[in-house]
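Secondary and tertiary structure notes
The chain contents come next:
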Amino acid sequence: MGMGKRARGTLSGAAASAVLTAGMAVFAATPTWAQDLMGQPTPNGIGLQPAAAPLKHDAIWFHDIVLMPVITFITLLVLGLLIWIIIRYNKKSNPTPARWSHNTLVEVIWTVLPVLILVGISLFSFRLLFAYHDMPRPDLTVKVTGNQWNWAYEYPDQGVAEYISNMLPEDEARAQNVPYRLAADEPMVVPVGQTVRLLVTAADVIHALALPAFGLKTDAVPGRINETWFKAERTGVFYGQCSELCGVDHAFMPIEIRVVTQAEFAAWVASKGGSMTPKTAEAAPGGTTAQVAAGTTGAPVVGTATTGAEAGAAPVVPTAQTATTQTATTPAAPAQPAPAAAPAAQ
């Protein structure tokens, strides 16, 4: 049986109400979308993670201002062409189809226009790539090594030895109210407002260091060191993960970075047995600067004799050129006869 007009009207009214309700829900949820979590994924989020470093600001600008308008324009253009072709050239509207198969103008347009679009995108893309590779003078260097399946961090300038960072167990993560599978027991600690250089490598298979809030994703390849950098703009905790399929526990390799003040970073370095003071000559194995200059240290000084009559004097090391010059300008000394042997004792 056919549906009555009242029933159809009721359903139409219900559909309209549902659409209106959904639209109101969308507008009501808009402030929630704007309140993205900093440094970690936002449930039901639709955009990129908020930026906490200059590179991520540039990446968001490139995505929102360049890529999204171009993608939107191309999508609407293709949709409009499809609708126009479906309506204009269907069998009912166009019972006698045309018999031509080429149109020079159309073919030139659909070849030149994509090329121009790609060239326009490349101008902004290259500028962003240059920003990633144009690292400022680093204030801190951290060596990052990917293992199956955890991360190892080392601070060579501060003398902090390599330590392992594992995923925090679920019960501990729940107890500390931190995101499970993102929190780590030993995070990377860096100071705010400092340029941090990351030297990324791997010990076994290929991993990838991904830090969305800083706009970074760098492969960790065994036997190779890749370099990237970031400069955190604010203190806080920022999470990332391994983004390269590296084995059965690939999903259990979180990256936790704690951005702290300079004083807190110095205290953390001291707790790890390191020092914020660079090594000086007094701390070097050769002794103090005065000892090295006087040649009184236990270690031998390069270019200085340590025994015999010439101890303490810096001998001249002849080079090939000086030896040739001396040979050419200095006459050879006459050969001296060998001394007679002493008579045997009677």
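Now for a look at the structure at hand. (Residues numbered from 1 in each chain as written. Predicted model: local features only at pLDDT ≥ 70, side-chain atom pairs only at ≥ 80, totals over all residues. Heavy atoms only, no water.)

1. What to know about unusual backbone geometry
The omega torsion of the bond from Q148 to W149 falls at 0°, within 30 degrees of zero and hence cis. Following the sequence through the fold, W149 ends up in the loop between β1 (140-147) and β2 (150-155). Backbone geometry at R181 places phi at a positive 70°, although glycine is not the residue there. As for its position among the elements, R181 is in the loop between α4 (170-176) and β4 (188-191). Judged by relative accessible area, which is 37%, R181 ranks as partly exposed. (Helix = DSSP H or I, 4+ residues; strand = E, 2+ residues; numbered from the N terminus. Buried < 20%, exposed > 50% of the residue type's maximum accessible area, 1.4 Å probe, protein only.)

2. Observations regarding the sheet that holds strand β10 (residues 254-260)
Judged by pairing direction, the sheet is mixed, and its five strands sit side by side in the order β4-β10-β9-β6-β7 without closing on themselves. Strands with a single pairing partner mark the edges of an open sheet, and in this sheet they are β4 and β7 (216-220). The sheet shows a mean angle of 25° between the axes of neighbouring strands, taken without regard to direction. Here two bridges tie strand β6 (residues 207-211) to strand β9 (residues 236-242), and the two strands are oriented antiparallel to one another. By the bridge assignment, L209 is partnered in β9 with C242. (Pairing = 2+ DSSP bridges. Axes fitted to C-alpha atoms, helices over the stretch in contact; angles between N-to-C directions.)

3. As for the packing of aromatic side chains
Applying the stated rule across the entire model yields nine aromatic pairs. On the numbers, 5.7 Å between centres and 50° between planes, the contact of W61 with F124 is tilted. Here W61, found in helix α2 (residues 54-88), pairs with F124, found in helix α3 (residues 104-133); they are 63 residues apart in sequence, far enough to count as distant. Relative accessible area serves as the criterion here: at 37%, W61 is assigned to the partly exposed category. With a relative accessible area of 33%, F124 lands in the partly exposed category. Considering the side-chain rings of Y163 and W268, the 6.0 Å spacing of their centres and the 70° angle between planes classify their relative orientation as edge-to-face. Of the two residues, Y163 is situated in strand β3 (residues 160-165) and W268 in helix α5 (residues 262-271); the sequence distance between them amounts to 105 residues. You'll find Y163 and W268 in the same group, each marked buried. Among the aromatic side chains, those forming a connected cluster through ring pairs are Y153, Y155, Y163, F265 and W268. Sitting over the face of the ring of Y89, R88 holds its NZ or CZ atom 4.9 Å from the ring centroid. (Phe/Tyr/Trp six-rings, centres within 6.5 Å; stacked < 30°, edge-to-face > 60°. Lys NZ or Arg CZ within 6 Å of the ring centre and 35° of its normal.)

4. Topic: the packing of α2 against α3
α3 packs onto α2 with a crossing angle of 170° between their chain directions and a minimal axis gap of 10 Å. Taken as axis vectors, α2 and α3 run roughly antiparallel relative to one another. Along its contact with α2, which presents L55, D58, A59, W61, F62, V66, L67, V70 and I74, the element α3 presents I117, I121, F124, S125, R127, L128, A131 and Y132. (Parallel < 35°, antiparallel > 145°, perpendicular 65-115°, else oblique. Contact = heavy atoms within 4.5 Å.)

5. A look at the nonpolar core
Counting residues in hydrophobic clusters, the biggest one holds 39 residues, and the most contacted among them are Y155, L198 and F214. Dropping the residues within four chain positions of it, Y155 is found in contact with L140, T141, V142, V160, Y163, M188, V189, F265 and W268. (Core = buried A, V, L, I, M, F, W, Y, C linked by side-chain atoms within 4.5 Å.)

6. Let's talk about the sheet that holds β3
Reading across the sheet, the five strands line up as β3-β2-β1-β5-β8 and stay open at both edges, with mixed pairing between neighbours. Each edge of the sheet is formed by a strand with only one pairing partner; in this case those strands are β3 and β8 (226-231). Each neighbouring strand pair of the sheet contributes to a mean axis angle of 25°, computed without reference to strand direction. Here β1 runs beside strand β5 (residues 195-202); their pairing, made up of seven bridges, is parallel. The partner of T145 across the bridge, within β5, is T201. Docked against the sheet, α5 engages β1, β2 and β3, running at close to 90° with respect to β3.

7. Looking at α3
The terminal C-alpha atoms of α3 lie 43 Å apart, and with 30 residues this matches the ideal 44 Å at 1.5 Å per residue to within 8%. For α3, the set of buried residues is I121, S122 and L128. Turning to α3, the residues buried within the fold contact α2. Between the side-chain oxygen at the start of α3 and the backbone nitrogen of L105 there is a gap of 3.2 Å, and the oxygen is on N103. (Expected span 1.5 Å × (residues − 1). Polar contact = N/O pair within 3.5 Å; in protein donor to acceptor, adjacent residues only side chain to side chain.)

8. A few points about the pairing of β4
Side-chain alternation along β4 places M188 and V190 on one buried face and V189 and P191 on a second face that is also buried. Inspection of the sheet shows β4 paired to β10 by four bridges, in the parallel sense. Counterpart to P191 in the pairing with β10 is V260.

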